Amino acid sequence: MKFLVKIIVFIFSFFLFASLAQAGNYLDVPENSLYHEAIDFLQEKGILILKGDRQFNPKNTVNRAEAVKIVLETMDKDISDYFDSDSDGLPDKDEEILGSNPSSPDSDKDGISDFAEVENGYSPTQKGNVLIDPGLLEKIGLFTDIQTSDWFYPYLRKAEELNIVKGYGDNTFRPAQTINLAETLKLFFHTYEIDLDEEKYRSNEDNVFTWDQNAWYMKYFLAAQEKNLLTPYEYLRPDLEVSREFFAEIAYRFILYKVGKTEYLEKINQNFLITIPALNIENVELGTTNPYDEDYYNWALRSGISHALKYPGENGKVFIFGHSSGYLWDQSKYKNIFRKLNKLQEGDEILLQFQGETYTYKVNLKEVVDPKNNNILTDFGREELTIATCWPPDTLLQRYVVYAKRV
Ligand SMILES: [Ca+2]
Ligand SMILES: [Ca+2]
């Protein structure tokens, strides 16, 4: 009997342990998510807090307030100076500067709150309407659109103190505004104090980013690219609204970079390669892009061949697009890469190397289609690869398309 109880206890504790072991994860961040390592890391550090429903909402965007909070937390910055202990609308640190009592909402006991006095230009430490020293007011910079009762208030003030963020010209911070990729990179480079050599990160002819070469954000993109701080999984552009999962990945990469653990950064970025023995194509790097948007795949094509849709192992279509033309104006190293795509035969092998694994595909169909035919992008939810190029070579008239199945 005792033995049976022991077994039951053992089984019960096993299940208990199993459920505890799982409890740390977000339900909507699967193991095979490209960003799960970054998200798990931040969660373990207590930066991304698991809420009751365990949803991370990876595709949602990040607003400016959330971004500042996360980046300060990755650096363990203490924000407690900017708590408002007496809830009078002035943070403790400002009260210290003004000489008012951080534990009393009405320091001079004249019936008017410290905040109301300061807001109207009066001293919170002298009864009645005594004008405050304007020099003091200047020291307590305030955005007009945030209040000490906002959950993000201490973070924004800390970031302002560290010169990480600046408000807009009208003294607002616009905390609810979605953060874009250019702002995200600037935020991280400044917070992490990574020095950007202006000469080194000045735009040059090899620049793969085709946007305004004199834009303020160009140096951040060039430096981020060189240091592997961006992923090959997003099609990059300055106004990209950063998703929560991508933001987590960027945060993770800056942390790793800062502590000198760059193996992960190098591994991921060099690990999506294509080999087609029959065309003498060997280990050519793939960049990710949006196949529906010409501007974006053009830049991806400049650095290699562009990839879109799914990754190998994700039960979907891996789509690859490359050049067949040899135009003089085309500076791409790969401007001719798919010029002989039609030479591929049924059964020929195509290999994709992705995150240390090799995936093998065999050609099973070829066709020429109209360039506007988006059916070639249809994802049937099975492991397959589609390669397309402009056709015939040196024209944009049609597309040559090769389909291959994973074997
Ligand atoms: Ca206060
Ligand atoms: Ca008062």
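Since this is a predicted model, take the numbers as computed values, not measurements.

J.: Before we go on, may I ask you to explain the overall build of the chain in this structure?
T.: Tallying secondary structure elements over the chain gives 12 helices and 8 strands in all. At a minimum sequence separation of 6, the contacts of the chain that also span at least 24 residues come to 57%.

J.: Looking at this structure, how should I read the pairing of strand β4 (residues 317-322)?
T.: Within β4, 6 of the 6 residues are buried, leaving the element largely enclosed by the surrounding structure. Going residue by residue along β4, you find Lys317, Phe319 and Phe321 tucked away on one face and Val318, Ile320 and Gly322 tucked away on the opposite face as well. As defined by bridge partners, strand β3 (residues 305-309) adjoins β4 across 4 bridges and the pair is classed as antiparallel. By the bridge assignment, His307 is partnered in β4 with Ile320. As paired elements, β4 and strand β7 (residues 384-391) share 6 bridges and run parallel to each other. Its bridge partner being in β7, Phe321 is matched across the sheet by Ala388.

J.: I keep staring at the confidence of the model for the chain and nothing clicks. Help me out?
T.: In regions of low pLDDT, the predicted coordinates are not meant to be interpreted in detail. With 83% of its residues at a pLDDT of at least 70, the chain reaches an overall mean of 83. Note on residues 1-23: pLDDT under 50 across the span, and 0 contacts to partners over four residues away in sequence or across chains. For residues 327-331, every residue scores under 50 in pLDDT, and the model assigns this stretch 3 contacts once sequence neighbours within four places are set aside.

J.: Please clarify how helix α9 (residues 218-226) should be interpreted in this entry.
T.: Taken as a whole, α9 has its buried residues at Tyr220, Phe221, Leu222 and Ala224. The inward-facing, buried residues of α9 abut α8 (181-191). Following α9 by one or two positions, Asn228 has its phi on the positive side, about 60°.

Here is what the cut-offs are and how they apply
Residues numbered from 1 in each chain as written. Chains lettered and ligands numbered in written order. Predicted model: local features only at pLDDT ≥ 70, side-chain atom pairs only at ≥ 80, totals over all residues. Helix = DSSP H or I, 4+ residues; strand = E, 2+ residues; numbered from the N terminus. Contact = placed C-beta atoms within 7 Å. Buried ≥ 20, exposed ≤ 12 C-beta atoms within 10 Å, placed from the backbone. Pairing = 2+ DSSP bridges. pLDDT = per-residue confidence, 0-100.

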